[in-house]
Amino acid sequence: MKLLFTNFHDGDGGGHTTYILGLARGLAARHEVHVAAPPTSRLNREARAIPGVRVLDQPFPNGLGKLPARRRARRHLAEYLHRERFDVIHVNGSADHRLVMAARRGLAPRPPIVLTKHNSKPMTGLGHVLRSRFGTDQVIAVCEFVRRQVLASPYARCRVATVFNGVDVERFTPSEANPVHRAIWLAPASATPPLLIGSNAGTARYKGWMDLLEALASLAPEQRAHFRVVLAGGLPGAEDLARIDALGIAEQVHFTGRLADVRPMVAALDAGFVLSWDVETISFACREMMAMGKPVLVSDYAGLPENIRQGEDGWIVSARDRTAIAGALRRLLAERDALPAMGVAARRHAEADFGMPRFVDATEAVYAALLADFSSNA
């Protein structure tokens, strides 16, 4: 197959970038893979390092104020589509979806468009109605929660498949913590070694890390003293730092900033958490931590609970319920001797269900079935 992946993000791109890079690496050995992304994006930069993958510098301008730029971008992409003649175009957001639809106009035969829904936002409004009817042949849901959303939307008229996000369980594998890193994050020192909990899911507000800190601050002083928290991602703003200081836990909370490689941080943890209350679907971060042998505390938002076997390899609490989060922290403290065994269970779960070959093969099967239907209906 000749495949084109598109993504509109001009910066890091988060989970969208992780998703497309995983598919590109997995499929490039057996298919012709192209990626169209803005030249300033992480996806563009990192896709160029994958052997066999071809990358197009493609902007995806959005908004009525950018009509001239949108016309130029459409012409640029249309020339590429007419020249390359792809079998499948796989879009990953509204901005690239719209531009692909416009650029595909006039192609004969027209390549089918596959859309992956990466977030929990509702699929309502005229734009979704039009894209579902005139520019979507297949939808991939990254978890069962998203599948239910899709089937309750205008996209229910399309083919719909669930393909759970995969992570590289060979790269994200249990490893010994760097004692220097761990010592820094366990500061300040205490008579009883504290538990180190953390997250590599980022520091956007909706990731729920402030809910965890509020819950931590609500614990009795003798319980609160047993925890340290480390967070990877952009450094928080002055308002958030002031709130942490007001909670009286500033010295127990450590921010790493953005990390090129989160594995040393995750290796140092006793347990992880992803407590999102918006946007999230199933979380690469959660699956990476589990693959590294860490039990994870998650909220019951969207697809997050689909990662966890309650009490076996993690815990599930109600989103934004700080009382429930505080209760989970008390339980974690009471059962700290069980954490290594729960980490082993998390790793087994990841090896069985989260691996990249399973993710790549299932996505490839979706493409093949779609093309077979297109051929039979030609």
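Here the residue numbering is sequential within each chain, running from 1 through the sequence in written order. pLDDT decides what is reported in this predicted model: residues at 70 or higher carry local features, side-chain atom pairs at 80 or more are listed and counted, and totals for whole chains, interfaces and linings draw on all residues regardless. As a rule here, side-chain values come from all non-hydrogen atoms in the structure, and water together with hydrogens is ignored.

Draft legend 1. Summary view of unusual backbone geometry. For the peptide bond that leads from Ala-108 to Pro-109, omega is -5°, which places it in the cis range. In this description a helix means any DSSP run of H or I spanning at least four residues, a strand means any run of E spanning at least two, and both kinds are numbered starting from the N terminus. By secondary structure assignment, the location of Pro-109 is in the loop between α4 (94-104) and β5 (113-117). Residue Ala-187 is joined to Pro-188 through a cis peptide bond whose omega torsion reads -5°. With respect to the helices and strands, Pro-188 occurs in the loop between α7 (179-185) and β8 (195-199). Located in the positive-phi region is Val-279, a residue other than glycine, with phi close to 65°. Relative to the assigned elements, Val-279 resides in the loop between β11 (271-274) and α12 (284-291).

Draft legend 2. Here's a closer look at the sheet that holds strand β4 (residues 88-91). Sheet architecture is open: seven strands sit in the order β3-β2-β1-β4-β5-β6-β7, paired in parallel fashion. The outermost strands of the open sheet, each flanked by one partner alone, are β3 (54-57) and β7 (159-162). Sheet twist, expressed as the mean angle between neighbouring strand axes with direction ignored, is 20°. Sheet analysis places strand β1 (residues 2-6) next to β4, joined by three bridges and oriented parallel. Here, any two strands with at least 2 DSSP bridges between them count as paired. For helices, the fitted line uses only the C-alpha atoms of the stretch in contact; every axis is such a line through C-alpha atoms, and the angle between N-to-C directions lies from 0 to 180 degrees.

Draft legend 3. Spotlight on a nonpolar patch on the surface. Nonpolar side chains (Val, Leu, Ile, Met, Phe, Trp, Tyr) are joined into patches within 5 Å and like charges within 9 Å, using only residues with over 30% relative accessible area and no salt bridge. Residue-level accessible areas treat just the shown protein chains as cover; the underlying method is Shrake-Rupley with a 1.4 Å probe. A side-chain nitrogen of Lys or Arg and a carboxyl oxygen of Asp or Glu constitute a salt bridge if their distance falls within 4 Å. Taken together, the side chains of Leu-126, Val-129, Leu-130 and Phe-134 present a nonpolar region at the surface, about 380 Å² in accessible area. Along the chain, Val-129 turns up in helix α5 (residues 126-134). Remark: exposure states derive from per-residue accessible area (1.4 Å probe, protein chains only) relative to the maximum for the residue type, with buried under 20%, exposed over 50%, and partly exposed in between. Owing to a relative accessible area of 36%, Val-129 belongs among the partly exposed residues under this scheme.

Draft legend 4. Summary view of a positive patch on the surface. Together, Arg-71, Arg-72, Arg-74, Arg-75 and Arg-105 make up a positively charged patch on the protein surface. Relative to the assigned elements, Arg-105 resides in the loop between α4 and β5. What makes Arg-105 exposed here is its relative accessible area of 61%. Asp and Glu are treated as the negative residues and Lys and Arg as the positive ones, with His and the ends of the chain left uncounted. Where a charge lies is defined by one atom per residue type, namely NZ (Lys), CZ (Arg), CG (Asp) and CD (Glu).

Draft legend 5. Examining the sheet that holds strand β13 (residues 314-317) more closely. Pairing is parallel in the open sheet, where six strands are placed in the order β10-β9-β8-β11-β12-β13. Bordering the open sheet on either side are β10 (253-257) and β13, each of which pairs with just one other strand. The average angle at which neighbouring strand axes cross in this sheet is 20°, direction not considered.

Draft legend 6. Quick look at the pattern of salt bridges. With the rule as written, the count across this model stands at 25 salt bridges. In this structure, Lys-2 and Glu-84 form a salt bridge, with 2.8 Å as the shortest nitrogen-oxygen distance. Here Lys-2 is found in strand β1, whereas its partner Glu-84 is found in helix α3 (residues 67-84), with 82 residues between them in sequence. For Lys-2, a relative accessible area of 16% gives the class buried. Among the residues examined, Glu-84 registers a relative accessible area of 8% and is labelled buried. Notably, a salt bridge pairs Arg-243 with Glu-214, separated by 2.8 Å at the nearest N-O pair. In this pair, Arg-243 is assigned in helix α10 (residues 238-247) and Glu-214 in helix α8 (residues 209-218), connecting sequence segments 29 residues apart.

Draft legend 7. The packing of aromatic side chains, seen in detail. Stacked, tilted and edge-to-face are the three classes applied to pairs of Phe, Tyr and Trp rings, where Trp contributes its six-membered ring and a pair requires centres within 6.5 Å; stacked means planes under 30 degrees apart, edge-to-face means over 60, and tilted covers the rest. Under the criterion given, the structure shown has three aromatic pairs. Whether a charge lies above a ring is judged from NZ of Lys or CZ of Arg, which has to be within 6 Å of the ring centre and within 35 degrees of the ring normal. Positioned above the aromatic ring of Trp-277, the side-chain terminus of Arg-320 is 4.2 Å from the ring centre.

Draft legend 8. Seen up close, the state of the cysteines. When two cysteine sulfur atoms lie within 2.5 Å, the pair is treated as a disulfide. Inspection of the entire model under this criterion finds zero disulfides. The thiol sulfur of Cys-143 is not disulfide-bonded, and the nearest other cysteine sulfur, from Cys-286, lies at 12 Å. Classification of Cys-143 by relative accessible area gives buried; the value is 0%. Of the cysteine sulfurs around Cys-158, a residue in no disulfide, the closest is that of Cys-143, at 18 Å.

Draft legend 9. A look at α4. Counting buried positions over the 11 residues of α4 gives nine, a clear majority of the element. By the convention used here, residues are in contact when the closest approach between their heavy atoms is within 4.5 Å. For α4, the elements touching its buried residues are β1, α3, β4, β5 and α5. Of the residues one or two after α4, Gly-106 is the one with positive phi, at around 95°.

Draft legend 10. Molecular detail of helix α1 (residues 14-27). One less than the number of residues in a helix, times 1.5 Å, gives the span that helix is expected to have. An ideal rise of 1.5 Å per residue puts 20 Å on 14 residues; α1 measures up with 20 Å between its terminal C-alpha atoms. Of the positions making up α1, those classed as buried are His-16, Thr-17, Tyr-19, Ile-20, Leu-21, Gly-22, Leu-23, Ala-24 and Leu-27.

Draft legend 11. Seen up close, the nonpolar core. Throughout, nonpolar core names a set of buried Ala, Val, Leu, Ile, Met, Phe, Trp, Tyr and Cys residues whose side chains join them through atoms within 4.5 Å. Ranked by internal contacts, the top residues of the largest apolar core, which has 89 residues, are Phe-5, Val-35 and Val-53. The dominant element in this core, judged by the number of residues it contributes, is helix α15 (residues 356-377), at seven residues. Excluding residues that lie within four positions of it along the chain, Phe-5 makes contacts with Ile-20, Leu-23, Leu-27, Val-33, His-34, Val-35, Ala-36, His-90 and Tyr-367. Grouped together as the second largest cluster of nonpolar side chains are 31 residues, Leu-212, Leu-216, Phe-273 and Ile-325 included.

Draft legend 12. Highlighting the pairing of strand β12 (residues 296-299). Residue alternation in β12 divides its side chains into two sets, Val-296 and Val-298 and Leu-297 and Ser-299, and both sets are buried. Bridge count for β11 against β12 is three bridges, and the pairing is parallel. Paired with Gly-272 across the bridge in β12 is Val-296. Here the term right-handed applies to a crossover when the path leading from its first strand over the helix to its second strand runs clockwise, the strands being oriented away from the viewer. As a crossover connection, the stretch from β11 through α12 into β12 is right-handed. Pairing of β12 with β13 involves four bridges; the strand directions are parallel. Considered in β13, the bridge of Val-296 is made with Gly-314.

The quantities given are spatial measurements derived from coordinates; they are silent on function.
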